[in-house]
Amino acid sequence: MLQGLHHVALICGDYARSRAFYVDLLGLEVIAETHRAERDSWKLDLAVPGGGQLELFSFPDPPERPSRPEAKGLRHLAFRVADMAEAVLWLEAAGVEVEPVRIDPLTGKRFTFFADPDGLPLELYEI
């Protein structure tokens, strides 16, 4: 019945800062950008390479979501990369703090984590 993942939705604290992070730094393509005046909110639809979308929302004064200690619910968003070393250098050159690269003991693949402007954990997973 399910045919794939359509989108992941994120609520950001600072729309301009998060838009710059996902569009200018990570290079996600803008599909549509809509200001919803009645909600004092922006909705930014972004294309994720390889399929799927990321929806970035802004709302006035959204509550903080705890990231640590780990809690139930969505844990992180993972992006595929072909070259882990190149991706890490690219992020670090842009001033993004990246955790040390680790090896997934189940698959033998390399992965690492970094955070978006709101502290959402994002993962790079080498394919």
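This text goes with the structure placed above it.
All values reported here derive from a predicted model rather than from experimental measurement. (Residues numbered from 1 in each chain as written. Predicted model: local features only at pLDDT ≥ 70, side-chain atom pairs only at ≥ 80, totals over all residues. Heavy atoms only, no water.)

A. Main features of the packing of aromatic side chains. Under the defined criterion, the tally for this structure stands at five aromatic pairs. When the ring of Tyr15 is compared with that of Trp42, the centres are 5.4 Å apart and the planes differ by 10 degrees; the resulting orientation is stacked. Of the two residues, Tyr15 sits in helix α1 (residues 15-25) while Trp42 sits in strand β3 (residues 41-47), which places them 27 residues apart along the sequence. Where Phe111 meets Phe113, the ring centres are 6.1 Å apart and the plane angle is 90 degrees; that geometry is what we call edge-to-face. Look at Phe113 and you get buried, because its relative accessible area is 9%. Every member of this aromatic cluster is reached through a ring pair, and the members are Phe21, Tyr22 and Phe114. (Phe/Tyr/Trp six-rings, centres within 6.5 Å; stacked < 30°, edge-to-face > 60°. Helix = DSSP H or I, 4+ residues; strand = E, 2+ residues; numbered from the N terminus. Buried < 20%, exposed > 50% of the residue type's maximum accessible area, 1.4 Å probe, protein only.)

B. Region of interest: the pattern of salt bridges. Under the counting rule described, the total for this entry stands at five salt bridges. For the salt bridge of Asp45 with Lys43, the shortest nitrogen-to-oxygen distance reads 2.6 Å. Take Asp45: its relative accessible area is 10%, and that puts it in the buried class. With its nearest N and O atoms 2.9 Å apart, the salt bridge here joins Arg110 to Glu126. (Salt bridge = Lys/Arg side-chain N within 4 Å of Asp/Glu carboxyl O.)

C. Structural detail: the pairing of strand β1 (residues 7-12). Across the two faces of β1 the burial differs, with Val8, Leu10 and Cys12 buried and His7, Ala9 and Ile11 not buried at all. Pairing of β1 with strand β4 (residues 53-58), which is carried by six bridges, proceeds in the parallel orientation. Among the inter-strand pairings, Leu10 is bridged to a residue of β4, identified as Leu56. (Pairing = 2+ DSSP bridges.)

D. Layout of the sheet that holds β1. Taken in spatial order, the four strands of this open sheet run β1-β4-β3-β2, and their pairing is mixed. Pairing within the sheet leaves two strands with one partner each, and these edge strands are β1 and β2 (29-36). For this sheet, the mean inter-axis angle between neighbouring strands, taken without regard to orientation, is 15 degrees. Across five bridges, β3 lies against β4 in antiparallel orientation. (Axes fitted to C-alpha atoms, helices over the stretch in contact; angles between N-to-C directions.)

E. View of the sheet that holds strand β5 (residues 77-81). Strand order in the open sheet made by the four strands is β5-β8-β7-β6, with mixed pairing throughout. Strand pairing shows two members of the sheet lacking a second neighbour, β5 and β6 (102-103), which therefore form its edges. Of the strand pairs in this sheet, β6 and strand β7 (residues 110-115) are connected by two bridges, and their pairing is antiparallel. Paired with Ile103 across the bridge in β7 is Arg110.

F. The pairing of β2, seen in detail. Here β2 runs beside β3; their pairing, made up of seven bridges, is antiparallel. When the sheet's bridge partners are listed, Ala32 is paired in β3 with Asp45.

G. How the structure looks around the layout of surface pockets. In this model, the largest pocket occupies a volume close to 930 Å³. Around the largest pocket sit 33 residues that line it, and Arg65, Pro66, Ser67, Leu120 and Pro121 are the ones nearest its centre. Those elements giving two or more residues to the lining of the largest pocket turn out to be β1, α1 and β7. By residue number, the principal contributor to the lining of the largest pocket is β1, which donates four residues. The residue makeup of the lining of the largest pocket, split by class, is 17 nonpolar, five polar and 11 charged. Of the volumes computed, that of the second largest pocket is approximately 530 Å³. (1 Å grid on protein atoms, 1.4 Å probe; cavity = no way out; pocket = protein on both sides within 12 Å on 5 of 7 lines; lining within 4 Å. Points joined across faces, edges and corners; volume = space filled by probe spheres on them. Nonpolar A, V, L, I, M, F, W, Y, C, P; charged D, E, K, R; others polar.)

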